[in-house]
Amino acid sequence: MVYLISYDLVLPGQNYQALYDVLEGWGAKRALQSTWVVRLNNTSSAAIRDELMKHIDTNDRLLVDTLGQWASFSLMVDLNQI
C-alpha cells in the first residue's frame, strides 16, 4: 500500500531529525516540502500515525492517508517509482 504522509511542524527551530530518520528508514520520499510518500506492507494508517507521533510535538499536525489515484505537477519524486 502507498501512503501519503503530510505534516505541519508548528514551532520553528525544533529538531525533527528523528522524524526524518524514521521516514527515510522506511524508504519514504518527499513529494512536497512537508509531504512524503512511502510503500509499506502489513501496516495501517493509524500504526504509521502512532509511530510518527513519537517524533513530533503535541502542537504539530499530522495526516496519514492511503494513496490511490492521483494527479500532480512538479513533485520532488516520481510517484510511479514508489
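Provided above is the structure to which this section pertains.
Residues numbered from 1 in each chain as written. Predicted model: local features only at pLDDT ≥ 70, side-chain atom pairs only at ≥ 80, totals over all residues. Heavy atoms only, no water.

1. Some points on the side chain of Asp60
The residue Asp60 is located in the loop between helix H2 (45–53) and strand S4 (61–66) in this model. Despite being buried, Asp60 has no salt bridge partner; Arg61 is the closest side chain of opposite charge, sitting 7.3 Å away. Side-chain polar atoms of Asp60 contact the backbone nitrogen of Val10, separated by 2.8 Å. Here the side chain of Asp60 touches Asp57 through a polar contact of 2.8 Å, landing on its backbone nitrogen. Among residues more than four places away in sequence, those in contact with Asp60 are Asp8, Leu9, Val10, Leu11 and Tyr16. (Helix = DSSP H or I, 4+ residues; strand = E, 2+ residues; numbered from the N terminus. Buried < 20%, exposed > 50% of the residue type's maximum accessible area, 1.4 Å probe, protein only. Lys, Arg positive; Asp, Glu negative; His and termini not counted. Salt bridge = Lys/Arg side-chain N within 4 Å of Asp/Glu carboxyl O. Polar contact = N/O pair within 3.5 Å; in protein donor to acceptor, adjacent residues only side chain to side chain. Contact = heavy atoms within 4.5 Å.)

2. A short note on the environment of Val10
Counting through the fold element by element, Val10 comes out in the loop between strand S1 (2–8) and helix H1 (17–25). Given the relative accessible area of 36%, Val10 is considered partly exposed. Spatially, the C-alpha atoms of Val10 and Asp57 are 8.4 Å apart, while their sequence positions differ by 47 residues. What Val10 contacts, discounting residues up to four positions off in sequence, is Asn59, Asp60 and Arg61.

3. A closer look at the nonpolar core
In this structure, Ile5, Leu19, Leu23, Ile48 and Leu52 are the most contacted members of the largest nonpolar core, which totals 15 residues. Of all the elements in the fold, those that place two or more residues in this core are S1, H1, strand S3 (35–39) and H2. When residues no more than four places from it in sequence are discounted, the contact partners of Ile5 are Leu23, Trp26, Ser34, Thr35, Trp36, Val38, Ile48, Leu52, Leu62, Leu63 and Val64. In this structure, Leu67, Val77, Leu79 and Ile82 belong to the second largest nonpolar core, which totals seven residues. (Core = buried A, V, L, I, M, F, W, Y, C linked by side-chain atoms within 4.5 Å.)

By themselves, these are just geometric observations and shouldn't be taken as functional.
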